[in-house]
Protein chains: 4
Amino acid sequence: MSTTSRLVTSLATTEALAELFSDTAVLQAMLDVEAALARVEARLGVIPAGAGGAITASAKAEYFDTAEIARETLRTGTPAVPLVKALTLRVRDQDRAAAGFVHWGATSQDISDTALVLLLRRARVLLAGSQGRLDAALARLAADHAGTVMLGRTLMQPAPPVTFGLKAAGWLAALRRGWDRMEGAFEDALLPQFGGASGTLASLGDRGIEVAEALAAELELPCPEAPWHAHRDRLGWLVSACGVYIGSLAKMARDLALLMQHEVGEAAEPSGSGRGGSSTMPHKANPAGCAVALAAGYRLPGLVAGFLSAMPGEQERGLGGWHSEWPTMAGVIQTTGGAMESMAEAAEGLSVDRARMRANLEATRGVVFAERAATLLAARMGRDAAHRLLEEAVRRCAAEGRHLKDVLAGMPEIAGHPGAEGLRDLESPEAYLGSAEAFRVRLLEPEE
Amino acid sequence: MSTTSRLVTSLATTEALAELFSDTAVLQAMLDVEAALARVEARLGVIPAGAGGAITASAKAEYFDTAEIARETLRTGTPAVPLVKALTLRVRDQDRAAAGFVHWGATSQDISDTALVLLLRRARVLLAGSQGRLDAALARLAADHAGTVMLGRTLMQPAPPVTFGLKAAGWLAALRRGWDRMEGAFEDALLPQFGGASGTLASLGDRGIEVAEALAAELELPCPEAPWHAHRDRLGWLVSACGVYIGSLAKMARDLALLMQHEVGEAAEPSGSGRGGSSTMPHKANPAGCAVALAAGYRLPGLVAGFLSAMPGEQERGLGGWHSEWPTMAGVIQTTGGAMESMAEAAEGLSVDRARMRANLEATRGVVFAERAATLLAARMGRDAAHRLLEEAVRRCAAEGRHLKDVLAGMPEIAGHPGAEGLRDLESPEAYLGSAEAFRVRLLEPEE
Amino acid sequence: MSTTSRLVTSLATTEALAELFSDTAVLQAMLDVEAALARVEARLGVIPAGAGGAITASAKAEYFDTAEIARETLRTGTPAVPLVKALTLRVRDQDRAAAGFVHWGATSQDISDTALVLLLRRARVLLAGSQGRLDAALARLAADHAGTVMLGRTLMQPAPPVTFGLKAAGWLAALRRGWDRMEGAFEDALLPQFGGASGTLASLGDRGIEVAEALAAELELPCPEAPWHAHRDRLGWLVSACGVYIGSLAKMARDLALLMQHEVGEAAEPSGSGRGGSSTMPHKANPAGCAVALAAGYRLPGLVAGFLSAMPGEQERGLGGWHSEWPTMAGVIQTTGGAMESMAEAAEGLSVDRARMRANLEATRGVVFAERAATLLAARMGRDAAHRLLEEAVRRCAAEGRHLKDVLAGMPEIAGHPGAEGLRDLESPEAYLGSAEAFRVRLLEPEE
Amino acid sequence: MSTTSRLVTSLATTEALAELFSDTAVLQAMLDVEAALARVEARLGVIPAGAGGAITASAKAEYFDTAEIARETLRTGTPAVPLVKALTLRVRDQDRAAAGFVHWGATSQDISDTALVLLLRRARVLLAGSQGRLDAALARLAADHAGTVMLGRTLMQPAPPVTFGLKAAGWLAALRRGWDRMEGAFEDALLPQFGGASGTLASLGDRGIEVAEALAAELELPCPEAPWHAHRDRLGWLVSACGVYIGSLAKMARDLALLMQHEVGEAAEPSGSGRGGSSTMPHKANPAGCAVALAAGYRLPGLVAGFLSAMPGEQERGLGGWHSEWPTMAGVIQTTGGAMESMAEAAEGLSVDRARMRANLEATRGVVFAERAATLLAARMGRDAAHRLLEEAVRRCAAEGRHLKDVLAGMPEIAGHPGAEGLRDLESPEAYLGSAEAFRVRLLEPEE
């Protein structure tokens, strides 16, 4: 009865995140809200004392037919309408008097919104686990490779050297910033929604806020200053936070996938037990984790746009906007978490080939140090002259297959030049790392 | 085991469209491709004669464990890898010799892409049915209401009159154009994908095209000029066609929802059997169909963007781009079809309140004919003077609660004016419809 | 020479925000970075003492030909390359020795990124001004209309009453949250970028961080822990913050536009001096401010998506991703600010028609109190029975054009009912506002 | 006075496309519509005979102050209102009688929409020119490199060989399909909009269609069956066509950028005259054309989404939706055309390094032929056994740095095997191209 086969999203998310939005999970979350509401209202004397327990006892997903409820949803415009009907019938069977107090004071969107919040709270825990794995793995890589020199690459062309430690620290710092934003956005968004028909809790008379606060406490959530059903900015912020995070994660995946190319060969995702295998090509060890993260990088921005564009809902409860949110939100959370988990696995088992990194650097025959040479010479002969001279030298390196250092040594403009001395260790990457190590350290320091 | 509960998407799509991407449907589509391939290869003597039947006999969704295959997918990067493994095991049990010829010459993406095409072919039929309903219902409304006069509304403010027939004809013509585009895009995109590892069918030697053409024929699809796995433009075009169609459908929904407002009251979606009811407000007859279509209008553009942004895949098979497509495509098709079906139901049962339409028009006290009056007067007194005079007259209408006709009649600048004659039937909507009827007729004529 | 005529964006932004990204402003911002860099390097003795002043003296937009620089940009891939060339030529004319020290240690993206930050800092001030106006105007509306009763409207249908004060407080609270996020994102993103060729500041040897910190101080910005050119998350966060903010602002605009409909007539944007006029219809007073904000609501989500999808840039400097940012960022800032300014004007001059609000409420003939009646009766007769009874009563209201109160009074099931007492003031909106006032007050309280 | 400096978009578009939306061009396009309308109305006797010439004479962009009109636009909600006012004043100065007949029967959106169509018609010519260049350059590459063998690359890993001719043919076929769609969409969308206040041409009485057809003829455009101002699907389709086209173009750019990596070195964009240079690194020859196309690939999807999401405009003229279109449309056209032009330049001057292609293939030491070996052996030993054996062989290739052919030759399972014969030319790429050449030829054939 599932809308979308697990196969369809099997590339996007993990089993645990798939479960998060399963029939049972979603139904139970809505029932949990109804049950919590009944309990606090019974406790406060808003409904009869016995109704709380009776409703709670019936509020179990196993008692209900998701398919039937889903079928009704398209007609009623919200899953809460058929659910409340079914729950009421069930309660009536058990405790006739309590049945009239199901859903007391609430409206459909109160239930679906708060259920969503309960699901998001569980999502946060799963995502935090993945972030923890990523953080640990990247911190280790950043530490282990402080001195691992490699080519810088800008515009997909060789550039002066960096260290792999700096690169990993850059990934990690971006993901930490991204996770901080997600944590902040979860913190803001994890609020129950409880407003009744028009968002005034009118049917509870003057006891609305009392019930709202008790409901929040029962659900172990803070109570918002007012119902937020017509203002979706907190959810929009959470969705955006996922989008920005995935932007950084997909950047890491793109970097890794480029390093894993056969012609580059500087890194490799873990393989084994069929990971990243091919159905036809026995030789393949594919960047399977990167594929998932890059796929997320393609999908998330559009989902963020879909969410934001639905925000301008009409008056006290919009038409179509919030109706469009659930599949978007499920897609955002599942895709984000799936990508995090995949990249955590990739980072934890990442092989880094120091020798190949150095070899690739050397294979540029020193041209990536042209800037360095130009700077050394510029101080004496001016930047323009130095730049022109280096252009000529680089041209010769390419044409003659020689090292820059050697070409320069043979150029008469330089021969006797006092700056020529400095050119001796021109092609030593360690001598041209500038502040790489300092930046690496600063990136790993906790922001105060 | 479903990723996303039917509840999550229950507002977005119908049961039939949900089924389209169910575990069974998706798995069977992939198996159908494997089976068809085996049959044609056996027929052509590329694999042993018996292997075709043996593989076909095993290629039934019921024999396989979707959950297990889904679990493997995240590791292998494609559902075809674990499926081929499982299918091979099953065939081996039945016919040891045939097992080695499962998936012969194909690569994973050949299977998943062609399976997607088979699913899209089924989707097309469902969508065509909804379009047929919409077309019939709107054609009837456009015909019945050729003479139903109502307020034009521009920038959400009153404007000179139109007819409801013209409005319905406008909706219909846009949806017909949209459906033509979708039909064209389906026609283009419904092609099998068969290219093998690098898209050259190298493992089939010089028989690749022969097998490809036989496979296409077996699947009752045209054979493309070459494999298209690395060029997703035809699918992108189909997704875009859905996006544009939904733009037009959501426009119709927005119009209807505005007409259904209590203060306007000119139209109503069918109610009854719980359609559009409220969990708390017995008086509500909500625009439930419009909600679904508007929700689609919010969701589709982002999904289109997600699809398009994934198009620039790397070389002979990209990383992450096509991996991201399935959930997007399922979302696009399900959301499009769900909205079509909901609006078909709304259109078929639509109530139109002619009297209220006229009453709302009259309630503007003629100010929507200010343009008409200005035009009548402008010929004599110049457009500027007429415009200024009408601004003053309209101001008085508002201030004094009088009709424009009466205010104008009392203005000395007009009293003796020869154009004043024409102002007598100033507020007759029928006299100020211009080419409304001609446009209505032209909109309904089939484009040649 | 402008790419895009002011006419094209004249509906999207204000003159001041247009100026922000004018030829002169953009060019000067880049020159300001070059000049600041030269000054601090001269001060620190990294370049000759005189070069700082000489370069600063030449770094004036008026000396350069934007058209020429723009023409070169498409070839060189960045505006900084032709600008540095032109600046160097200019400096050489003035002070031959200094010319070699233009752009010392920097790379093109350092200049364009930091220039963008300088422009964003100016944007923030403009936007803060608009937010101040919006906040003041909405705070006043929320205070003035604490007791202004009006229809609640859910799913675009009548619902139990709210107050206009609550509605305005809801808008304001959302915009305050949105602005807080924007402020936070500006705070994070306003950092100079300075990394040199590979982001290691290698050409500055061991003095890189020293220069970076001095440059930040010179520009009156905090110094980031490391160059961020390859990690665009902070900018992505700012763009997202604008997207979420605009979602809330467009929600306010949609609400207002609905209230301004002729058939509703509860509010009006200020008119006068041609605001919202029509070229042909003298009677129109259009929601011109709402149009701008709604247009922003349509545009922003896609721009956010465009920005986020460009984040996964390759290695030490990506290809195409950051290249795509400037037009997106300019569009985001200009559209956001234009919408804020337009809505500030709308809010400041908003007319609210209390009488019409009450009249529209009364025109529902009490059916919006059906929930209230149901609740009152449910306590005695059970929720289901009450709900069914009310459905029947509401049906009669519609059919017979009578008030709910009167219909109910005539129903035998109720006549003798003890709950009937409570139905006497059933249709008094003030008696059915629940926690509206408490929520209004809580929404206006500053978050601690 | 420009909104957005040419510098901001200098990376996105060409000078000619920038000019297309310049102040003068946009203003003149609107004036051209007013003038054409006046001429045909004068000719048909709808307005005085002399007014056509008088209005045409005044309708010159140079007479008007774009800045002033832009300033008014934000207040009036459309540039046509202040323009009509200014034009009327100008006409009055020249021919008092004619002034009253400016804009006769039209509404603001008629002018702005039709002006947009005129601009799009000019855009089409520019884009067609770029497509012609791209087509010619790619057709030549596809022909020249029919026999140029290179590595296939799937998931960014080595795969069996392809030819560069096939790759180029694939790019070309996708761009041809894309351009056909754009041509079709231009054909559909290039229609004048003329509907008057409510889209009925009421102010022209029964002469509306006559004037509309004459106006279309005067503008050398087909006449639509009815006004389309409230139905933006044709423009949405054009925008989508650009989005899909750019998806294919960015795919070509991504492929090229990957081939241009130093470690791959199989292709190079033309350099010279500063193309793709660096401000600091003399050795760089950057993929500057690819950067522009990839940037377009990031930007377009969001712009498409922005356009589609604005389609559901309200009733006879929406609020905010169409208001948001101009900057989006300008961005789409300029970005598309800029990317086409950049890639045309890249394709025309592309260097292809046949030797490096072969060397990279050989550097895989035959592992990309593992599939071939497995197929050869599978026929005898079964697919599973062959697959397992090849996995082991590939492992040894990597571990021992040997060629697959040699490793296999030494494996006892194969030694005496009859399939071993076929392994002799295992690593000859020419022997394992399958249908590559046939596909290349079919891709280049014109679709019938």
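Note that the structure is a prediction, hence the values are computed from the model and not measured. (Residues numbered from 1 in each chain as written. Chains lettered and ligands numbered in written order. Predicted model: local features only at pLDDT ≥ 70, side-chain atom pairs only at ≥ 80, totals over all residues. Heavy atoms only, no water.)

## Some thoughts on the overall build of chain A
The helix and strand tally for chain A stands at 18 helices and four strands. For a compact globule of 448 residues, the expected C-alpha radius of gyration is about 22 Å, and chain A comes in at 30 Å, more than 25% above that figure. Taken along its principal axes, the extent of the C-alpha atoms in chain A is 105 × 50 × 35 Å. Here chain A holds 448 residues, and 69% of them are scored as buried. A fraction of 76% describes how many contacts in chain A between residues 6 or more apart in sequence connect residues 24 or more apart. (Helix = DSSP H or I, 4+ residues; strand = E, 2+ residues; numbered from the N terminus. Rg over C-alpha atoms; globule rule 2.2 N^0.38 Å. Buried < 20%, exposed > 50% of the residue type's maximum accessible area, 1.4 Å probe, protein only. Contact = heavy atoms within 4.5 Å.)

## A look at the environment of R442(D)
Summarising the element assignment, R442(D) is placed in helix α19 (residues 436-444). C-alpha of R442(D) to C-alpha of A169(D): the two residues are 273 residues apart in sequence and 9.0 Å apart in space.

## Describing the side chain of E41(C)
Here E41(C) lies in helix α3 (residues 23-43). Comment: no salt bridge for buried E41(C); closest opposite-charge side chain is R207(C), at 9.5 Å. (Lys, Arg positive; Asp, Glu negative; His and termini not counted. Salt bridge = Lys/Arg side-chain N within 4 Å of Asp/Glu carboxyl O.)

## Digging into the pattern of salt bridges
All chains considered together, the criterion is met by 116 salt bridges over all chains. Here R358(C) makes a salt bridge to E430(C), at a shortest N to O gap of 2.4 Å. Remark: E430(C) occurs in the loop between α17 (412-415) and α18 (436-444) and R358(C) occurs in helix α13 (residues 354-362); sequence separation between them is 72 residues. What makes R358(C) partly exposed here is its relative accessible area of 32%. A salt bridge links R372(D) to D425(D); the nearest nitrogen and oxygen atoms lie 3.4 Å apart. Of this pair, R372(D) sits in helix α15 (residues 370-381) while D425(D) sits in the loop between α18 (412-415) and α19, placing them 53 residues apart in sequence. Overall, R372(D) belongs to the buried group, its relative accessible area being 11%.

## Let's talk about the packing of aromatic side chains
Under the counting rule described, the total for this entry stands at 18 aromatic pairs over all chains. Between F369(B) and Y432(B), the ring centres sit 6.2 Å apart and the planes meet at 70 degrees, which makes this aromatic pair edge-to-face. Residue F369(B) is found in the loop between α13 (354-362) and α14 (370-381), and its partner Y432(B) is found in the loop between α17 (412-415) and α18 (436-444); the two are separated by 63 residues along the sequence. In this pair, the class of F369(B) matches that of Y432(B), namely buried. A cation over an aromatic ring shows up here: R90(A) above the ring of Y63(A), its NZ or CZ 3.5 Å from the ring centre. (Phe/Tyr/Trp six-rings, centres within 6.5 Å; stacked < 30°, edge-to-face > 60°. Lys NZ or Arg CZ within 6 Å of the ring centre and 35° of its normal.)

## Here's the deal with the pairing of strand β1 (residues 149-154) of chain A
Residue and element names in this part refer to chain A. Along β1, six of the six residues are buried, which leaves the element largely enclosed by surrounding structure. The sheet contact formed by β1 and strand β2 (residues 157-163) spans five bridges and is antiparallel. What sits directly across from R153, in β2, is P158. The turn linking β1 back onto β2 is made up of two residues, and L155 within it adopts a positive phi angle of 55 degrees. (Pairing = 2+ DSSP bridges.)

## Digging into the packing of helix α3 (residues 23-43) of chain D against helix α10 (residues 208-218) of chain D
Residue and element names in this part refer to chain D. Relative orientation of the contacting elements α3 and α10 amounts to 125 degrees, with a least axis distance of 9 Å. When the axis of α3 is compared with that of α10, the two are oblique. Crossing angle aside, the handedness with which α3 passes α10 is right-handed. Contacts from V33, A36, L37, R39, V40, E41 and R43 in α3 reach V211, A214, L215 and E218 in α10. (Axes fitted to C-alpha atoms, helices over the stretch in contact; angles between N-to-C directions. Parallel < 35°, antiparallel > 145°, perpendicular 65-115°, else oblique. Left-handed = near helix turned anticlockwise from the far one by under 90°.)

## Thoughts on the relation of the copies chain A and chain D
Rotating chain A by 180 degrees and translating it 0.0 Å along the rotation axis places it on chain D, where the RMSD comes to 0.1 Å. The transformation relating the two chain copies, once decomposed into turn and shift, fits a two-fold axis. Of the C-alpha atoms belonging to chain A, the one lying closest to the rotation axis is found on E263(A), 2.9 Å away. The overlap is high: 100% of the interface residues of chain A also sit at the interface in chain D, so the same surface is used on both sides. (Least-squares fit on C-alpha atoms with pLDDT ≥ 70 in both.)

## What to know about the interface of chain A and chain D
Listed as interface residues are 40 residues of chain A and, on the opposing side, 40 residues of chain D. Together chain A and chain D conceal approximately 3,300 Å² of surface at their shared face, both sides included; 60% is due to carbon and sulfur atoms. Joining chain A to chain D, the criterion identifies two salt bridges. The closest approach of N and O atoms between E263(A) and R153(D), which form a salt bridge, is 2.8 Å. (Buried area = accessible area lost by both parts, 1.4 Å probe.)

## Brief notes about the relation of the copies chain C and chain A
Laying chain C over chain A is done by rotating through 180 degrees and shifting 0.0 Å along the axis; what remains is an RMSD of 0.0 Å. Here 100% of the contact residues of chain C are again contact residues in chain A; the copies associate through an equivalent surface.

## Quick look at the interface of chain C and chain A
The partner chain A presents 90 residues to the 90 residues of chain C that form the contact. Taking both sides of the interface into account, the surface hidden between chain C and chain A amounts to around 7,800 Å²; carbon and sulfur atoms contribute 61%. The largest per-residue losses of area from chain C upon contact with chain A belong to W237(C), Q315(C) and R383(C), which jointly make up 10% of the total buried on that side. If you look at where chain C meets chain A, you find ten salt bridges. Note that E213(A) is salt-bridged to R442(C), the shortest N-O span being 3.3 Å. Remark: the boundary between chain C and chain A carries 36 residue pairs in polar contact (both at pLDDT 80 or more). (Polar contact = N/O pair within 3.5 Å; in protein donor to acceptor, adjacent residues only side chain to side chain.)

## Regarding helix α8 (residues 164-189) of chain C
Between its first and last C-alpha atoms α8(C) spans 37 Å; for 26 residues at 1.5 Å apiece the expected length is 38 Å, and the two agree. Within α8(C), 20 of the 26 residues are buried, which leaves it mostly tucked inside the rest of the structure. (Expected span 1.5 Å × (residues − 1).)

## With respect to the side chain of Q334(D)
Residue and element names in this part refer to chain D. With respect to the element layout, Q334 can be found in helix α13 (residues 325-348). Assessed through its relative accessible area of 4%, Q334 is described here as buried. Only 3.1 Å separates the side chain of Q334 from the backbone oxygen of L17, close enough to count as a polar contact.

## Description of α3(D)
Residue and element names in this part refer to chain D. With 21 residues, α3 extends 30 Å from end C-alpha to end C-alpha; this agrees with the ideal 30 Å at 1.5 Å per step. Of all 21 residues in α3, 16 are buried, a share of seventy percent or more. G45 occupies a position one or two residues after α3 and carries a positive phi of about 75 degrees.

## What to know about unusual backbone geometry
Here the phi dihedral of Q315(A) falls at roughly 45 degrees; this positive angle occurs in a residue that is not glycine. Mapped onto the elements of the fold, Q315(A) is located in the loop between α11 (288-309) and α12 (325-348). Although it is not a glycine, H103(B) adopts a positive phi angle of roughly 70 degrees. You can see H103(B) is positioned in the loop between α6 (80-94) and α7 (108-144).

## Some points on the confidence of the model for chain A
This prediction gives chain A a mean pLDDT of 92; 94% of its residues lie at or above 70. In the predicted complex, the global pTM is 0.96; the interface-specific ipTM is 0.95. (pLDDT = per-residue confidence, 0-100.)

## Section: the environment of L256(B)
Residue and element names in this part refer to chain B. Tracing the backbone shows L256 in helix α10 (residues 233-259). A residue is classified by how much of its surface remains accessible, and L256, at 0% relative accessible area, is buried. The spacing of L256 and P287 is 31 residues in sequence and 8.1 Å in space, taken between C-alpha atoms. In this view, L256 contacts W171, A267, C290, M343 and L350; residues no more than four positions away in its chain are not counted.

## Some words on the packing of helix α8 (residues 164-189) of chain B against α18(B)
All names here are of chain B. Two elements in contact, α8 and α18, have axes whose closest approach is 9 Å; the angle formed by their N-to-C orientations is 25 degrees. Comparing the axis directions of α8 and α18 gives the class roughly parallel. In this structure, α8 meets α18 at a crossing whose hand is left-handed. Mapping the contact onto sequence places G165, L166, A169, G170, L172, A173 and R176 in α8 and A436, F439, R440, L443 and L444 in α18. Looking at the contact of α8 with α18 residue by residue, the class counts come to eight nonpolar, two polar and two charged. (Nonpolar A, V, L, I, M, F, W, Y, C, P; charged D, E, K, R; others polar.)

## With respect to the environment of V81(D)
All names here are of chain D. Inspection of the secondary structure assignment puts V81 in helix α6 (residues 80-94). For V81, a relative accessible area of 15% gives the class buried. With 40 residues separating them along the chain, V81 and R121 place their C-alpha atoms 24 Å apart.

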